[in-house]
Amino acid sequence: MLEIQGVQQHYDWGGRCYIPMLLDLPEASAQPVAELWFGDHPSGDARIAGDHAFSAWLKDSPVERLGQDSVARFGQRLPYLLKVLDVRQPLSIQVHPSLKQAKQGFASERVQDLPAEQCNYKDDNHKPELMLALSDFWLLHGLKRPEQLALIFDDNPSLKRLESVWQHTDNAGLVQHCFSLNADELAEVLEPIIERHLASYLARELPKSSPYFWLCRAYLRAQQSGQGLEAGLLMVLFLNLVYVAPGQVIFQDAGIPHAYLEGQNIELMANSDNVLRAGLTSKRVDVNELLKVADFSAAEATPIEPIELADGGLDFPVPVDDFQLIAYQLEPGQQLVLEAAESGSVWFLLSGELSLQQQSKLWREGEAYYQLPGEKSLVSAHSCCKLYRAKAKTE
Ligand SMILES: [Zn+2]
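Residues numbered from 1 in each chain as written. Predicted model: local features only at pLDDT ≥ 70, side-chain atom pairs only at ≥ 80, totals over all residues. Heavy atoms only, no water.

A. Looking closely at the overall build of the protein chain. Secondary structure summary: the protein chain contains 12 helices and 23 strands in total. Along the first, second and third principal axes, the C-alpha set of the protein chain runs to 65 × 50 × 40 Å. Per-residue burial over the protein chain gives 54% buried out of 395 residues. Across the protein chain, the fraction of contacts at a sequence separation of at least 24, relative to all contacts at a separation of at least 6, is 75%. (Helix = DSSP H or I, 4+ residues; strand = E, 2+ residues; numbered from the N terminus. Buried < 20%, exposed > 50% of the residue type's maximum accessible area, 1.4 Å probe, protein only. Contact = heavy atoms within 4.5 Å.)

B. Unusual backbone geometry, seen in detail. Even without a glycine there, the phi angle at D24 is positive, about 60 degrees. Summarising the element assignment, D24 is placed in the loop between α1 (18-22) and β3 (35-38). Given the relative accessible area of 64%, D24 is considered exposed. The backbone of R204 sits at a positive phi, close to 55 degrees, despite the residue not being glycine. Its location among the elements puts R204 in the loop between α9 (183-202) and α10 (211-224).

C. How the structure looks around the coordination of the zinc ion. On the protein side, the zinc ion has H96 (NE2), E129 (OE) and H258 (NE2) as donor atoms, found 1.8 to 2.1 Å from it. Going along the chain, you hit the donors of the zinc ion in the pattern H-x32-E-x128-H. Remark: H258 occurs in strand β12 (residues 258-270) and E129 occurs in strand β8 (residues 129-133); sequence separation between them is 129 residues. Residue class for E129 comes out buried when judged on its relative accessible area of 1%. (Donors = N, O, S within 2.8 Å, 3.2 Å for Na, K, Ca; no water.)

D. Molecular detail of the sheet that holds strand β16 (residues 324-330). Strands sit in the order β5-β4-β1-β21-β18-β23-β16-β15-β14 across an open sheet of 9 strands; the sheet is antiparallel. A single partner strand is all that each edge strand has here, and the edge strands are β5 (52-53) and β14 (307-308). Across 2 bridges, the pairing between strand β15 (residues 314-315) and β16 is antiparallel. Pairing of D315 across the sheet is with I326, part of β16. (Pairing = 2+ DSSP bridges.)

E. Structural view of the domain arrangement of the protein chain. Under the domain assignment, the protein chain is made up of domain 1 (2-140 + 244-275) and domain 2 (312-391). A separation of 19 Å is found between the C-alpha centroids of domain 1 and domain 2. Between domain 1 and domain 2, the residue contacts involve 38 residues of the former and 28 residues of the latter. Across the interface of domain 1 and domain 2, roughly 2,800 Å² is buried in total on both sides, 72% from carbon and sulfur atoms. Of all residues in domain 1, the largest losses of buried area upon contact with domain 2 belong to E3, L22 and Y80, amounting jointly to 21% of the total for that side. Counting every contact that joins domain 1 to domain 2 gives 1 salt bridge. A class-by-class count of the residues in the side of domain 1 that touches domain 2 yields 28 nonpolar, 4 polar and 6 charged. (Domains from an automatic or database assignment. Buried area = accessible area lost by both parts, 1.4 Å probe. Salt bridge = Lys/Arg side-chain N within 4 Å of Asp/Glu carboxyl O. Nonpolar A, V, L, I, M, F, W, Y, C, P; charged D, E, K, R; others polar.)

F. Here's a closer look at the pattern of salt bridges. Applying the stated criterion across every chain yields a total of 16 salt bridges. With a shortest N-O distance of 3.4 Å, E35 and K83 are connected by a salt bridge. Taken as a pair, E35 in strand β3 and K83 in strand β6 (residues 80-87) lie far apart in primary sequence, 48 residues in all. Here E35 and K83 have matching classes, each one buried. Notably, a salt bridge pairs R73 with D69, separated by 2.8 Å at the nearest N-O pair. Of this pair, R73 and D69 both sit in helix α4 (residues 68-74), separated by 4 residues, roughly a single helical turn.

G. How the structure looks around the sheet that holds strand β20 (residues 363-364). With respect to topology, 4 strands assemble into an open sheet ordered β17-β22-β19-β20, the strand pairing being antiparallel. For this open sheet the edge positions go to β17 (335-338) and β20, each flanked by a neighbour on one side alone. Note: strand β19 (residues 353-356) against strand β22 (residues 377-381), 3 bridges, orientation antiparallel. Looking at the pairing, L356 lines up with V379 of β22.

H. Region of interest: the packing of aromatic side chains. Here the structure, examined in full by the defined rule, presents 14 aromatic pairs. On the numbers, 5.1 Å between centres and 50 degrees between planes, the contact of W138 with Y243 is tilted. With a gap of 105 residues between them, W138 in strand β9 (residues 137-143) and Y243 in strand β10 (residues 239-244) connect regions that are remote in the sequence. Pairwise contacts between aromatic rings join W138, Y201, F213, W214 and Y243 into one cluster. (Phe/Tyr/Trp six-rings, centres within 6.5 Å; stacked < 30°, edge-to-face > 60°.)

I. Up close: the layout of surface pockets. Here the largest pocket is characterised by a volume of approximately 670 Å³. Looking at the largest pocket, it is lined by 32 residues, and the ones nearest its centre are W13, L91, S92, R277 and K283. Sorting elements by how many residues they give to the lining of the largest pocket places β12 first, with 4 residues. Residue classes in the lining of the largest pocket are distributed as 13 nonpolar, 7 polar and 12 charged. (1 Å grid on protein atoms, 1.4 Å probe; cavity = no way out; pocket = protein on both sides within 12 Å on 5 of 7 lines; lining within 4 Å. Points joined across faces, edges and corners; volume = space filled by probe spheres on them.)

In structure tokens form, the structure reads like this:
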């Protein structure tokens, strides 16, 4: 077992306290700390084994360090990327490509030799993702069902024209139309809605279960950063607003439009950073590529029912092979055998304190370790512990 030093990402939507406290840093960070990555992705390569770059260290001896099966299936990189997120402000609405779309998109952008800011694809991998809520968590996920969309239209006379587009086309037609509106047209549809709800939002009278709460929050944030009205604000009304209780897990497959709104979570995904944006962003929205990749049919986010394993771990089954998340809760004095796997595992301790077999240093909260393929170990809990294992699914 080798300790991994994670990489902090300072995106502007992050908080300043949660991740610094998790890492036991003495002070709140001067800049936001949105994410903590434990993986070998080039946009945030962790350190391992005496300050080596994780990616280079794995490539030095791929079969021994990743496992033969993993190298054959996923190449000379970790199949997955484990993160902790602290969401203080809504993220951009996003969609991730399928494996086929990512391979094609990445290859075609490289052939065209586009400047980095015009590229949609950072790598050639898909990015299905699983999130486990660590707090009350709010997100947008997939288009609303027709009857729920109809309620939004009924509630807002300024959306009449959009309703008629929707009725004459479909969900994708509605989204495409929203992104074709100019500033005056956006003002015409959005301003009456914002005016109706802004005073109650500011008086803290709107509950977070209301889409208008998040519309007002996203609107004010855009105003503060000098952005005008944009189609993403309409998407806040058309996507499902989902509450996830602490400990619950949601899976986001390729194509599903989604946006994290507030809360902390653990995210486990295929090892990729491929994001197509669909609003609530100052970055470029490539509407054509978005319409190619996104699935705008009605969706619903249902928490994944965990399966209890023989060793007490909770496995949250997902329909992809790249990753598997297993959650353990240990009582003081309890021991856990970290069973060997064919591929490498990243173990992350969210809370508590453990001693690790043959290591004098205690394993403290916020710290992660890499377990080599075939390696078996043992931990003993000194206090109540929440421990997570990320690994590729065994075939
Ligand atoms: Zn995502």
